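Residue-level listing of the chains:
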Amino acid sequence: MANALRALAMDAVQQANSGHPGAPMGMADMAQALWHDHLKHAPTEPHWPNRDRFVLSNGHASMLLYGLLHLTGYDLPLKELQNFRQLHSRTPGHPEVGITPGVETTTGPLGQGVANAVGMALAEKLLAHEFNRDGFAVVDHHTYTFLGDGCLMEGVSHEVCSLAGAWHLNKLIALYDDNGISIDGQVKPWFADHTAERFKAYGWQVLGPVDGHNAHAVSQAIAAARDSTSAPTLIICKTQIGKGSPNRANTAKAHGEPLGEAEIELTRGALDWHHAPFEIPQGVYAMWDAKAQGEKKLGDWKTLFAAYSKAHPALASSFEARMKGDLSLDLKALLDTAFAQSEAHAKPVASRMASKMALETFTRAMPELLGGSADLTGSNLTQTASQPSLRFDANGHVLVTSTAQNSAAQDSAAQHQAAGTSWHINYGVREFGMASIMNGVALHGGFIPYGGTFLTFSDYSRNAIRMAALMKLRVVHVFTHDSIGLGEDGPTHQSVEQAASLRLIPGLDVWRPCDTSETLVAWGHALQNQHRTSALLLSRQTLPHAPKKTLASVEKGGYVLSEPKHAGLKTDAVAVLIATGSEVGLALEAQALLAKIGIATRVVSMPCTQVFDRQPLSYRQKVLPAHLPRVAVEMGVSDYWWKYGASAVVGIDTFGESAPASVLLPLFGFTPQNVAQTVQAVLQKHA
Ligand SMILES: Cc1ncc(C[n+]2csc(CCOP(=O)(O)OP(=O)(O)O)c2C)c(N)n1
């Protein structure tokens with residue numbers, strides 16, 4: 001059976017003249033052990049909620065996964081394998097979720113697949129805790145991942161495997177393809193870790209080394225791993241990269257090059273596989289076919305779920321809605337009311353606090369919100385009064401009595417058990433781990449994860465944010481302390497280029513709201529868009545309220561906040577000030593100063609440039625009329641704003657400084673006077 005996987009991998013890579021044959025050939029027996037003997041899945045219904053999840057963390061071995069999906073009966077015909085790595089095929093170079101049925105996550109950036117798997121295993125555990133009832137284990141599956149030396153060398157694997165141990169994710173089973181080879185050759189000189197001891201130290205159960213080419217031995221190890229009641233398991237499988245190829249096996253050359261026609265012929269001989277390229281004998285197909293068995297398991301689960309629906313109708317319908325990604329709350333009505341209230345109160349608050357205020361309302365009624373922070377809970381303000389801190393006991397059970405930080409959270413922990421709780425996770429100081437685990441949680445379904453850190457440290461998690469956007473995942477990043485306005489912590493903590501650089505990620509909505517109302521809208525937008533990733537950039541410092549008329553205008557991402565008449569002038573604007581977040585108040589002050597000397601300006605608030613860019617041209621031209629010069633104001637690099645046709649940017653193109661914010665703002669030119677003078681200088685140039 002395993003040789004069918006080897007043959008498909010070497011043939012497809014050869015046909016594409018590109019790809020990685022070595023890892024699929026090396027892991028073929030491990031794959032046979034898992035997929036034939038253990039994996040619970042239904043090829044005819046790839047989205048069955050209670051399927052086991054399989055994550056190929058070493059995504060360059062994509063042909064292994066495509067071979068498995070094809071052979072076991074997914075809708076992935078042979079011609080797709082023959083089209084490996086070609087435009088618009090369902091077999092892209094690395095596995096991509098949403099393109100190939102049965103692919104659970106997009107992998108390729110090493111280390112993040114195993115992180116996604118940790119997120120999936122966490123989601124399973126939490127859903128089981130929330131929805132399972134006596135006799136009704138409707139959520140009960142494993143998460144398996146294959147990973148190689150590369151994943152284990154990547155630092156993110158440390159962050160997430162450490163968490164998986166602390167969380168006792170006993171249904172997470174990782175199979176390590178221990179072939180001792182990476183691209184540069186034998187790994188010994190650069191990867192001499194004692195991996196077994198490393199994982200034991202995390203609190204994992206470690207099995208093996210087993211002979212990774214003995215499918216029976218691997219299968220037995222998986223069976224033992226499935227019995228674990230309180231720890232995740234790492235199974236170390238000793239393998240040969242390119243197994244079966246007489247001249248390439250156990251060499252780095254097997255990693256990422258086609259074997260070549262001659263070597264393929266030799267390999268067919270060595271494997272005793274005498275079939276034409278892409279030809280799989282019917283008998284082999286029959287052995288691999290998992291459709292009937294999958295349908296039986298699926299059928300059993302459906303019967304169980306039907307009985308569950310009778311016994312616990314509310315829970316059952318809530319589970320179905322959660323897995324579909326429907327919100328538990330009608331956010332539209334709630335946002336309208338909250339927006340009206342915040343406009344009426346017009347209170348100055350830090351936008352991080354405005355975010356917490358919004359979350360207080362959401363988390364009370366939305367158990368799907370799975371919050372967290374990378375050890376900055378009190379600064380990011382991600383935990384609300386109704387959210388207990390997520391804790392597990394030594395047996396891996398979710399602790400109902402929480403050791404939450406505040407007593408309100410402790411009280412509510414018990415209250416919320418029945419109805420479902422929105423939890424808050426202490427991820428520890430692990431930004432990248434948090435972001436990539438959140439991706440796994442979102443991929444599993446049932447939750448909308450959000451997590452906080454300082455904006456500057458978004459750089460640590462950046463590739464996971466990019467992956468979320470690529471996968472179109474509803475994940476919300478709460479980035480506080482978004483500028484030099486944070487003050488004394490200095491340039492290591494003060495974001496300068498982060499806002500602009502996050503805005504470069506395609507598909508990521510970056511919000512930098514200016515007050516309570518805009519923050520509400522930002523959260524509403526993030527939660528209501530099931531296929532978008534969002535980052536909320538929030539201030540540490542208090543911001544004034546900016547009066548505005550409608551929520552709908554904010555939802556456009558950029559809108560006219562103030563016309564000259566609001567500053568007491570009857571004339572039309574001669575210039576536009578574009579500002580975001582904490583600089584909107586500054587722009588309004590500059591507008592007032594300019595009005596005093598008879599210069600009429602318009603202030604445009606631009607909380608989310610991506611959403612603004614998606615508006616029709618006619619709207620954008622109305623907000624930013626072509627004939628008016630524009631001055632952008634943002635405490636970050638100026639580069640980003642030139643694309644909006646700015647004539648000048650009041651920005652920061654150096655690092656910040658360590659000093660109180662009250663000293664830094666004037667030092668860097670963030671005063672109403674300097675903004676007003678910049679507008680005057682622009683007008684003189686245009687005169
Ligand atoms: C984050 C990241 N860095 C670098 C790469 C490029 N890359 C792909 S595979 C690989 C080596 C992986 O070694 P190993 O996991 O041992 O795979 P094997 O050689 O066994 O196939 C590298 C460096 C990548 N895909 N992701």
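What you see is a predicted model; the values in this text were computed from it and never measured. (Residues numbered from 1 in each chain as written. Predicted model: local features only at pLDDT ≥ 70, side-chain atom pairs only at ≥ 80, totals over all residues.)

**Q** Give me the lowdown on the overall build of the protein, citing residues and values where you can.
**A** Each helix and strand in the protein was counted, giving 28 helices and 20 strands. Among the 687 residues that make up the protein, the fraction classed as buried is 55%. At a minimum sequence separation of 6, the contacts of the protein that also span at least 24 residues come to 77%. (Helix = DSSP H or I, 4+ residues; strand = E, 2+ residues; numbered from the N terminus. Buried ≥ 20, exposed ≤ 12 C-beta atoms within 10 Å, placed from the backbone. Contact = placed C-beta atoms within 7 Å.)

**Q** If you had to explain the packing of helix 2 (residues 22-37) against helix 9 (residues 215-226) to someone new, which residues and values would you point to?
**A** Across the interface, helix 2 lies against helix 9 with an axial gap of 8 Å and an inter-helix angle of 50°. The angle between helix 2 and helix 9 places the two elements in the oblique class. Of the two possible hands of crossing, helix 2 and helix 9 adopt the one that is right-handed. Contacts between helix 2 and helix 9 involve Asp29, Met30, Gln32, Ala33, Leu34 and Asp37 from the first element and Ala215, Val218, Ser219 and Ile222 from the second. (Axes fitted to C-alpha atoms, helices over the stretch in contact; angles between N-to-C directions. Parallel < 35°, antiparallel > 145°, perpendicular 65-115°, else oblique. Left-handed = near helix turned anticlockwise from the far one by under 90°.)

**Q** Give me the lowdown on the sheet that holds strand 1 (residues 53-56), citing residues and values where you can.
**A** Across the sheet, 5 strands lie side by side as 1-2-3-7-6; this open sheet has parallel pairing. Only two strands of the sheet have a single neighbouring strand rather than two, namely strand 1 and strand 6 (205-211). Across the sheet, the axes of successive neighbouring strands diverge by a mean angle of 15°, strand direction being ignored. Pairing geometry for strand 2 (residues 143-148) and strand 3 (residues 172-178), over 6 bridges, is parallel. Paired with Gly148 across the two strands is Asp177, which belongs to strand 3. Of the strands in this sheet, strand 1, strand 2 and strand 3 touch helix 5 (residues 112-131), which is tilted by about 165° from strand 2. (Pairing = 2+ DSSP bridges.)

**Q** With reference to specific residues and values, describe the site of the ligand.
**A** Near the ligand you find 18 residues, and of these Ala23, Gly148, Asp149, Gly150 and Ser182 are the closest. Of all the elements in the fold, those that place two or more residues in the shell around the ligand are helix 2, helix 6 (149-153) and strand 4 (181-182). Across the shell around the ligand, the residue classes tally to 6 nonpolar, 9 polar and 3 charged. (Near = placed C-beta within 6 Å. Nonpolar A, V, L, I, M, F, W, Y, C, P; charged D, E, K, R; others polar.)

**Q** So, helix 15 (residues 331-345): which residues are in play, and what are the values?
**A** When the terminal C-alpha atoms of helix 15 are compared, their 21 Å separation across 15 residues agrees well with the 21 Å that a helix rising 1.5 Å per residue should span. Against helix 16 (351-365), helix 22 (516-528) and helix 23 (551-554) lie the buried residues of helix 15. At the C-terminal side of helix 15, Ala346 shows a positive phi close to 50°. (Expected span 1.5 Å × (residues − 1).)

**Q** Would you mind going over the domain arrangement of the protein in detail, with residue names and values included?
**A** Partitioning the protein into domains gives domain 1 (2-295), domain 2 (331-543) and domain 3 (554-686). Once you take the C-alpha centre of each, domain 1 and domain 2 turn out to be 33 Å apart. Listed per partner, the contact involves 31 residues of domain 1 and 28 residues of domain 2. Put simply, the parts of the chain that give the side of domain 1 that touches domain 2 at least two residues each are helix 5 and helix 7 (155-166). Top element by residues in the side of domain 1 that touches domain 2 is helix 5. It accounts for 15 residues. For the side of domain 1 that touches domain 2, the per-class residue count stands at 15 nonpolar, 10 polar and 6 charged. (Domains from an automatic or database assignment.)

**Q** So what about the nonpolar core? Which residues, and what values?
**A** Nonpolar side chains in soluble globular proteins tend to be buried together. Ranked by internal contacts, the top residues of the largest apolar core, which has 201 residues, are Leu64, Val118, Ile235, Leu536, Leu577, Ala587 and Val604. Top element by residues in this core is helix 5. It accounts for 11 residues. Among all residues touching Val604, those that are not within four sequence positions of it are Gly558, Tyr559, Val560, Leu561, Val576, Leu577, Ile578, Val623 and Leu624. (Core = buried A, V, L, I, M, F, W, Y, C linked by C-beta atoms within 7 Å.)

**Q** Please provide a residue-by-residue account of the environment of Gln32, values included.
**A** Considering the arrangement of structural elements, one finds Gln32 in helix 2. Gln32 gets classed as buried once you count the C-beta atoms within 10 Å, which come to 23. The sequence separation of Gln32 and Asn3 amounts to 29 residues, and the corresponding C-alpha distance is 9.7 Å. Sequence-distant contacts of Gln32, defined by excluding residues within four places in its chain, comprise Met1, Ala2 and Ala215.

**Q** Quick one: what's the story with the packing of helix 16 against helix 22, residue by residue and with numbers?
**A** Closest axis-to-axis distance for the helix 16/helix 22 pair is 9 Å, and the angle between their directions is 50°. The orientation of helix 16 with respect to helix 22, classified from their angle, is oblique. Where helix 16 crosses over helix 22, the two elements pack in a sense that is right-handed. Here helix 16 contributes Ser351, Ala354, Ser355, Met357, Ala358 and Phe362 to the contact with helix 22, which in turn contributes Thr516, Thr519, Leu520 and Trp523.

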